[in-house]
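Notes for the structure review
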Amino acid sequence: MHHYAVTLHDGAQLVWTDQFDLNDGHKISVLSMIEKALAHAQASFDALTGIVVDIGPGGTSSVRTGVSFANGLAYSLDIPVRGISSAALIGHEVMQQYGLPVAVLYKSIKGHYFCGLYHSDGNLHFEYQTLPVLADRLNARYPALVLAGHPGGVDLLADLLTAVLVTKSGIDYVDVRRMGESLPELMAGATKFPDLPVPITETDFQDS
Amino acid sequence: MKYILGIESSCDDTAAAVVDRDGKVLSSVIVSQNDIHNNFGGVYPEFASRAHIYNVLPVVHQALAEATVSKTDLRAIGVTRGPGLVGSLLIGVNTAQALGAGWQVPVVGVNHLRGHLRSAELEGHPVAYPAVVLLVSGGHTLLAYMKSRFDIELLGETRDDSVGESFDKVGRMLGLDFPAGPIVDRMAQAGRVTVEFPKPLLHEGYEFSFSGLKTSVSRCLEAGLESSVENLCASFIEAIAEVLIYKCRKALRQTKASSLVIVGGVAANSQLRARAAELCAQEKVSLALPPIKWSTDNAAMIALATWDYLDQGVYPDLTPLSRLPLFAY
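Scope of this entry: the structure provided in the associated data block. (Residues numbered from 1 in each chain as written. Chains lettered and ligands numbered in written order. Predicted model: local features only at pLDDT ≥ 70, side-chain atom pairs only at ≥ 80, totals over all residues. Heavy atoms only, no water.)

Of regular secondary structure, chain A possesses 7 helices and 9 strands. A compact globule built from 208 residues should have a C-alpha radius of gyration of about 17 Å, and chain A, at 17 Å, falls within 12% of that. Considering only C-alpha atoms, chain A reaches an extent of 55 × 35 × 30 Å along its principal axes. Considering only contacts within chain A whose residues lie at least 6 apart along the sequence, 57% involve residues at least 24 apart. Total accessible area computed for chain A in this model is approximately 9600 Å², and 50% of it derives from carbon and sulfur atoms. If the 12 positive side-chain charges of chain A are averaged to one point and the 22 negative ones to another, these points end up 4 Å apart. (Helix = DSSP H or I, 4+ residues; strand = E, 2+ residues; numbered from the N terminus. Rg over C-alpha atoms; globule rule 2.2 N^0.38 Å. Contact = heavy atoms within 4.5 Å. Areas by Shrake-Rupley, 256 points an atom, 1.4 Å probe, with all protein chains shown as cover. Lys, Arg positive; Asp, Glu negative; His and termini not counted. Charge placed at Lys NZ, Arg CZ, Asp CG, Glu CD.)

What follows deals with the packing of helix α5 (residues 163-173) of chain B against helix α7 (residues 211-223) of chain B. Residues and elements named next belong to chain B. Contact geometry of α5 with α7 gives a least axis separation of 10 Å together with a crossing angle of 15 degrees. By the angle between their directions, the pair α5 and α7 is classed as roughly parallel. In the crossing of α5 with α7, the sense of the turn from one axis to the other is right-handed. Residues K169, V170 and M173 of α5 form the contact with α7, whose participating residues are K214, V217, S218 and L221. When the residues that make up the contact of α5 with α7 are grouped by side-chain class, the tally is 4 nonpolar, 1 polar and 2 charged. (Axes fitted to C-alpha atoms, helices over the stretch in contact; angles between N-to-C directions. Parallel < 35°, antiparallel > 145°, perpendicular 65-115°, else oblique. Left-handed = near helix turned anticlockwise from the far one by under 90°. Nonpolar A, V, L, I, M, F, W, Y, C, P; charged D, E, K, R; others polar.)

Here we take up the side chain of E93(A). Relative to the helices and strands, E93(A) resides in helix α3 (residues 86-98). Once you skip the residues sitting within four places of it in the chain, E93(A) turns out to touch I171(A), D175(A) and R178(A).

Between chain B and chain A, the contact holds 23 residues from the first and 23 residues from the second. Taken as a group, R50(B), I53(B) and L57(B) account for 28% of the area that chain B buries against chain A, more than any other trio of residues on that side. For the interface between chain B and chain A, the tally reads 0 salt bridges. Taken together, chain B and chain A are joined by 4 residue pairs in polar contact (both at pLDDT 80 or more). Only α2 (45-67) and α3 (86-103) of chain B provide two or more residues apiece to the side of chain B that touches chain A. With 11 residues, the single largest contributor to the side of chain B that touches chain A is α2(B). (Buried area = accessible area lost by both parts, 1.4 Å probe. Salt bridge = Lys/Arg side-chain N within 4 Å of Asp/Glu carboxyl O. Polar contact = N/O pair within 3.5 Å; in protein donor to acceptor, adjacent residues only side chain to side chain.)

A separate point is the sheet that holds strand β6 (residues 112-118) of chain A. All names here are of chain A. Spatially, 5 strands are ordered β7-β6-β5-β8-β9 in an open sheet, and the strand pairing comes out mixed. Either end of the sheet is taken by a strand with one partner, and the two such strands are β7 (124-130) and β9 (165-168). Across this sheet, the average inter-strand angle for adjacent strands is 25 degrees, counted without regard to direction. Strand direction decides the pairing type here: strand β5 (residues 102-107) and β6, joined by 6 bridges, are antiparallel. Within β6, the position partnered with L105 by the bridge is C115. Against the sheet, α3 contacts β5, β6, β7, β8 (144-149) and β9, and its axis sits at roughly 145 degrees relative to β5. Its contacts with the sheet put helix α4 (residues 131-141) on β5, β6, β7 and β8, and the angle it makes with β7 is roughly 135 degrees. (Pairing = 2+ DSSP bridges.)

A few words on the packing of aromatic side chains. What describes a pair of aromatic rings is the distance from one ring centre to the other and the angle between the planes of the rings. All names here are of chain A. Applying the stated rule across the entire model yields 6 aromatic pairs over all chains. Between the aromatic rings of Y75 and F193, the centroid separation amounts to 4.9 Å while the plane-to-plane angle is 70 degrees, which identifies the pairing as edge-to-face. Of this pair, Y75 sits in helix α2 (residues 60-77) while F193 sits in the segment after α7 (183-186); the two residues are 118 residues apart in sequence, bridging distant segments of the chain. The class of Y75 is buried, set by a relative accessible area of 15%. (Phe/Tyr/Trp six-rings, centres within 6.5 Å; stacked < 30°, edge-to-face > 60°. Buried < 20%, exposed > 50% of the residue type's maximum accessible area, 1.4 Å probe, protein only.)

Turning to the environment of R141(A), a few remarks are in order. By the element assignment, R141(A) lies in helix α4. Placed 113 residues apart in sequence, R141(A) and I28(A) show a C-alpha to C-alpha distance of 42 Å.

This paragraph deals with the environment of Y3(B). One can find Y3(B) in strand β1 (residues 3-8). As for Y3(B) and L26(B), which are separated by 23 residues in sequence, their C-alpha atoms are 9.0 Å apart.

This part is about the sheet that holds strand β6 (residues 131-136) of chain B. Residues and elements named next belong to chain B. Spatial ordering of the open sheet is given by β8-β7-β6-β9-β10, a layout of 5 strands whose pairing is mixed. Edge strands, defined here as strands with exactly one partner in the open sheet, are β8 (152-157) and β10 (286-288). Strand-to-strand, the axes of this sheet are offset by a mean angle of 20 degrees, without reference to chain direction. Across 5 bridges, β6 lies against strand β9 (residues 259-263) in parallel orientation. Looking at the pairing, A131 lines up with S259 of β9. Its contacts with the sheet place helix α8 (residues 229-255) against β6, β7 (141-146), β8 and β9, and it is angled at close to 160 degrees to β6.

This paragraph deals with the packing of α2(A) against α3(B). Here α2(A) crosses α3(B) at 35 degrees, and the two axes come no closer than 7 Å. Note that α2(A) runs across α3(B); the crossing there is right-handed. Here α2(A) contributes S61(A), R64(A), T65(A), S68(A), F69(A), G72(A), L73(A), Y75(A), S76(A) and L77(A) to the contact with α3(B), which in turn contributes L90(B), I91(B), N94(B), T95(B), Q97(B), A98(B), L99(B), A101(B), G102(B) and W103(B). Class assignment for the residues of the contact of α2(A) with α3(B) results in 10 nonpolar, 9 polar and 1 charged.

Now for α2(B). Residues and elements named next belong to chain B. Taking 1.5 Å as the rise per residue, α2 with 23 residues should run 33 Å; its terminal C-alpha atoms sit 31 Å apart, in good agreement. Of all the bends in α2, the greatest reaches close to 40 degrees and is centred on N55; the proline P58 follows between one and four positions later. Where α2 terminates, the next one or two residues include T68, which has phi positive at roughly 50 degrees. (Expected span 1.5 Å × (residues − 1). Bend = angle between axes of the 7 residues up to and from the residue.)

What follows deals with the pattern of salt bridges. Residue and element names in this part refer to chain A. Here the structure, examined in full by the defined rule, presents 19 salt bridges over all chains. Across the salt bridge formed by D18 and K36, the nearest N and O atoms sit 3.3 Å from each other. Remark: K36 occurs in helix α1 (residues 30-40) and D18 occurs in strand β2 (residues 14-21); sequence separation between them is 18 residues. With a relative accessible area of 11%, D18 lands in the buried category. By relative accessible area, which is 40% here, K36 ends up partly exposed.

Without other data, these values stay purely geometric and don't point to any function.
Structure, rendered in structure tokens:
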């Protein structure tokens, strides 16, 4: 959402994590972050065997930067790449703590929010709605939910979920260490060019 | 390492090309987004950026395949860093940076305007310097003096709309499809000049202004002064061509340049090409008009301009920029 992160896993263990909060005014490049990670591991680019990239939802430019870089690097090295939504990563983490379905909120435009609904079977489903419409749907569908993601959106939605037992997780971004530890299992769904990941955007949900 | 891979994504075309030092184009692949933007009557930046993500690597892949070159043949990757739509530029720049990292090939951020200026020299057509260059496209309208390919001086540019933008806006008024330039041109050939539209800033230096002309067309339509779309198009183009050619003549005489170069998408306009040929014959200078395929946005011109950067040892910052002056690298 507002963090840039790079993790490096050597197949046996996590060897590097690095994270910047964009709100701190950092001007960073994905290339420099990856170079830093590889330098730490005393490895070169051609040592990479796979890439996992966050496909959003999130800041349009941030997500596109990450995805276009990941795809370009995967193409140039002829290695597989896996696109995964940060909602799945956050949902998985929150589910492990609370054992309940998770709603991960992302603020979008014109009063709309992305809501990633993560279930115990690992299934992730997105809604793209205003909070009142979203609340109507969730009130009718869930007896209990854990909320994560955009803090302001979480507070507003919690007030509207009158028929749901709500828990606020307080988690609003991906834990980069946990993501790094999951890299080997995430690579299971990775693919090579031309089957490359694309960012999640509001245009994917115009009819939802 | 004899070749440059060029990548262009500054607006609504995704392009990649492989070009050698002499401007020989081994491949040039362009994926247009006209179908996406047609309903909006202009480029919709959000959709443009998204389409670039889908298109950029397939376009690069095809360009390399058609050129039958591999990463070991590449001297560098040249990518447009601006001016343009930032959301579109960042897809090209990030992709180029990643390709460069993976292949261990240098990446050079190129000024899109410098690419256009060099487009006339693609495929072995050297320009006689010094030259006066008119760049007329959907995003830019400017007049420059090039002492050499490295030494560029801006003479003047538009204060508001670009020429290409005026074509699209007038096309929208007339209910024509986007991009309107080729359609307006075709219709004008079937019409005649019946309305004398104003010729903005004709006698005021080298600057241009086209927003007033567009308004005049609108008022003419509202007042019902001319009902023939063909005649309106002919009258509109006459006003634009008159301004452009007048300023080119003035620049040629003042600078004593050896040639006139006209580049950018509007350089494809048939009336402008004919008037430019007349002008150059009268002024006894050579005329460099790139083929229409190199007039519009393409990656071959970016690749050719990249050689200039390498020759000068210039590696600009790769941050995408919406605005970038002509004189900047």
